[in-house]
Amino acid sequence: SIVNVIGLGYIGLPTALMLAKHSGLKIFGTDYNESLIDSLRSGNLTFDEQGLEELFEAASENEIEFTTEYMSCHTYIVAVPTPYMKTSKKIDSKYVVSAVNSILDTCKPGAIIIIESTISPGTIDKYIRPVISERGFVIGRDVHLAHAPERIIPGNMIYELENNSRTIGTDDNEIGHKIKKIYESFCRADIVVTDIRTAEMSKVVENTYRDINIAFANELAKICREDNMDVYEVIKTANMHPRVNILQPGPGVGGHCISVDPWFLVGDYPDLTNLILSARKINDSMPLHVLSRIRTIMREHSIRDISKIGLYGLTYKENVDDMRESPTLQLLERLDEHLSFGVKVYDPYVHKSHVENQYHDFDEFLSEIEIVVIMVAHDHIKENINKLDVKLVLDTRNICDFDGVYKL
Ligand code: SAJ
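Please read these numbers as outputs of a predicted model, since none were measured by experiment.

### Topic: helix α11 (residues 274-300)
Item 1. The terminal C-alpha atoms of α11 lie 38 Å apart, and with 27 residues this matches the ideal 39 Å at 1.5 Å per residue to within 8%.
Item 2. Taking the largest bend as the criterion, α11 deviates by roughly 35°, centred on Met286, and proline Pro287 comes between one and four positions later.
Item 3. Along α11, the residues that are buried comprise Ile276, Ala279, Arg280, Ile282, Asn283, Met286, Pro287, His289, Val290 and Ile294.
Item 4. A positive phi of about 50° marks Ser302, the residue just after α11.

In structure tokens form, the structure reads like this:
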């Protein structure tokens, strides 16, 4: 039989390829973006991810096909984007709703619709069930609904697809176990079947937990800066306690998950989310903290020319090419507001961007600047760290240990 994966982005594509390799089912990968489908059909991946290329090259046409059409089948996995609306902080469910509508146009009776996209708790009740009912389908008879949120971390997705445990939320245990069989084809870890509300909530809670933990580390970085203490040493020492596990401070929290999902809770429960909101604010304040550190260096070394500053790293974290919500982009916005244009930028993973003064040659970038701000700890900079010791360095990721390096 057939599984139709809807949405071939960071989650849908690796999942479709894993299913193609392991499930023995025929996989159709659907995306409304024609140029994406053209590119996949001609053998070109649209993003970098460790191990993805091999998986992609190994998949034969008998196992997987890419199309802009929805298939008529019994099983759908929906992995389309779920952005949040910048002002109201609520989820924008239009892509999920439109995918579900298109599925209803073609699905076989009794089809299972599995939503993998992260959704704010309550989305299925509020936005998906009504759409299905209005179309005259009876949920639990004509179609079945499930939420199986993804948990894979960019940079290590293929490994985590196989090794992370998963949650499957359904109305009906039997359907839950059918879905479990599909995921078991490639996932070796526990797969827990629960109800839809629990699956929705626990996914958002996982990312919110991480956001709060990083916010704590960032607040500690600011506290330690006041008295010139080494925050990394403090965290390392505290983490020796068997029940303490503080994450690392950094220039801010980016990406499309951790910096977005907590807003779903804040948006829906504004009176009950003081802690979650504070954490978001602390993490969002980090680019400004980096800016104040840059100003300190400029003052101490009597540097006035902003074009002598180079930001290393445009992506939201190391060894990925994803720039969504990246702290560097936020810092560039702040620099425009507070100083003037002219700061230089380099990232080995970003070949095209709208950012001004982006260099594509690392040595040329270095030769033009006096202060290097390490925003992202790509392996590339770790391998080239010896080229930095003649520069002033602000290391926001704690990867340099030579004398005179400025930290957060
Ligand atoms: N960061 C820090 N300090 C740290 C760890 C991360 O500042 O100690 C920053 C990163 O630099 C980055 C941001 O936080 O800017 C988020 O990066 P991340 O690596 O923590 O997480 P994501 O967004 O790449 O992936 C997360 C994961 N969630 C959890 O670990 C709970 C992943 O498992 C989820 O599948 C993913 O969100 C998602 O799609 O929801």
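Now, onward.
### Regarding the sheet that holds strand β14 (residues 406-407)
Item 1. Taken together, the 6 strands give an open sheet; going across it, the order is β11-β10-β9-β12-β13-β14, and neighbouring strands pair in parallel fashion. Of all strands in the sheet, those with a lone pairing partner are β11 (358-359) and β14, marking the two edges.
Item 2. As judged from the 4 bridges shared by strand β9 (residues 309-312) and strand β12 (residues 371-374), these two strands associate in the parallel manner. Considered in β12, the bridge of Tyr312 is made with Ile374.

### As for the confidence of the model for the chain
Item 1. Considering every residue of the chain, the mean pLDDT works out to 94; 99% of them sit at 70 or more.
Item 2. Both confidence scores are given for the complex: pTM 0.94, ipTM 0.99.

### Remarks on the nonpolar core
Item 1. Membership of the largest hydrophobic core comes to 71 residues, with the highest contact counts inside it found for Ala16, Val78, Ile113 and Ile114.
Item 2. Sorting elements by how many residues they give to this core places helix α8 (residues 196-226) first, with 7 residues.
Item 3. Sequence-distant contacts of Val78, defined by excluding residues within four places in its chain, comprise Ile6, Gly7, Val96, Ala99, Ile113, Ile114, Ile115, Glu116 and Ser117.
Item 4. Met286, Tyr346, Phe365 and Ile369 belong to the second-largest nonpolar core, a separate cluster that totals 31 residues.

### Considerations on the packing of α8 against helix α10 (residues 261-268)
Item 1. Where α8 contacts α10, the axes come no closer than 7 Å and their chain directions differ by 105°. In this view, α8 runs roughly perpendicular relative to α10, as classed from their interaxial angle. The residues of α10 that touch α8, namely those facing Val204, Asn207, Thr208 and Asp211, are Asp261, Pro262, Phe264 and Leu265.
Item 2. Class assignment for the residues of the contact of α8 with α10 results in 4 nonpolar, 2 polar and 2 charged.

### Comments concerning the sheet that holds strand β3 (residues 64-67)
Strands pair in a sheet through their backbones, by hydrogen bonds, and they do so in one of two ways: parallel or antiparallel.
Item 1. Taken together, 8 strands build an open sheet; the order of strands is β3-β2-β1-β4-β5-β6-β7-β8 and the sheet is mixed. The two strands at the open ends of the sheet, each matched to only one other strand, are β3 and β8 (191-194). Geometrically, the sheet is characterised by an average inter-axis angle of 20° between neighbouring strands, direction not taken into account.
Item 2. Across 4 bridges, the pairing between strand β1 (residues 2-6) and strand β4 (residues 75-78) is parallel. Across the sheet, the residue bridging to Asn4 is Tyr76, located in β4.

### Some thoughts on unusual backbone geometry
Item 1. In this structure, Ser302 takes a positive phi of about 50° despite not being glycine.
Item 2. Tracing the backbone through its elements, the reader meets Ser302 in the loop between α11 and β9.
Item 3. Residue classification places Ser302 among the exposed residues on the basis of 6 C-beta atoms within 10 Å.
Item 4. Its identity is not glycine, yet Glu325 carries a phi of approximately 55°, on the positive side.
Item 5. Here Glu325 shows up in the loop between β9 and α12 (327-338).
Item 6. The exposure class assigned to Glu325 is partly exposed, which follows from the 18 C-beta atoms found within 10 Å.

The rules behind each value
Residues numbered from 1 in each chain as written. Predicted model: local features only at pLDDT ≥ 70, side-chain atom pairs only at ≥ 80, totals over all residues. Helix = DSSP H or I, 4+ residues; strand = E, 2+ residues; numbered from the N terminus. Expected span 1.5 Å × (residues − 1). Bend = angle between axes of the 7 residues up to and from the residue. Buried ≥ 20, exposed ≤ 12 C-beta atoms within 10 Å, placed from the backbone. Pairing = 2+ DSSP bridges. pLDDT = per-residue confidence, 0-100. Core = buried A, V, L, I, M, F, W, Y, C linked by C-beta atoms within 7 Å. Contact = placed C-beta atoms within 7 Å. Axes fitted to C-alpha atoms, helices over the stretch in contact; angles between N-to-C directions. Parallel < 35°, antiparallel > 145°, perpendicular 65-115°, else oblique. Nonpolar A, V, L, I, M, F, W, Y, C, P; charged D, E, K, R; others polar.

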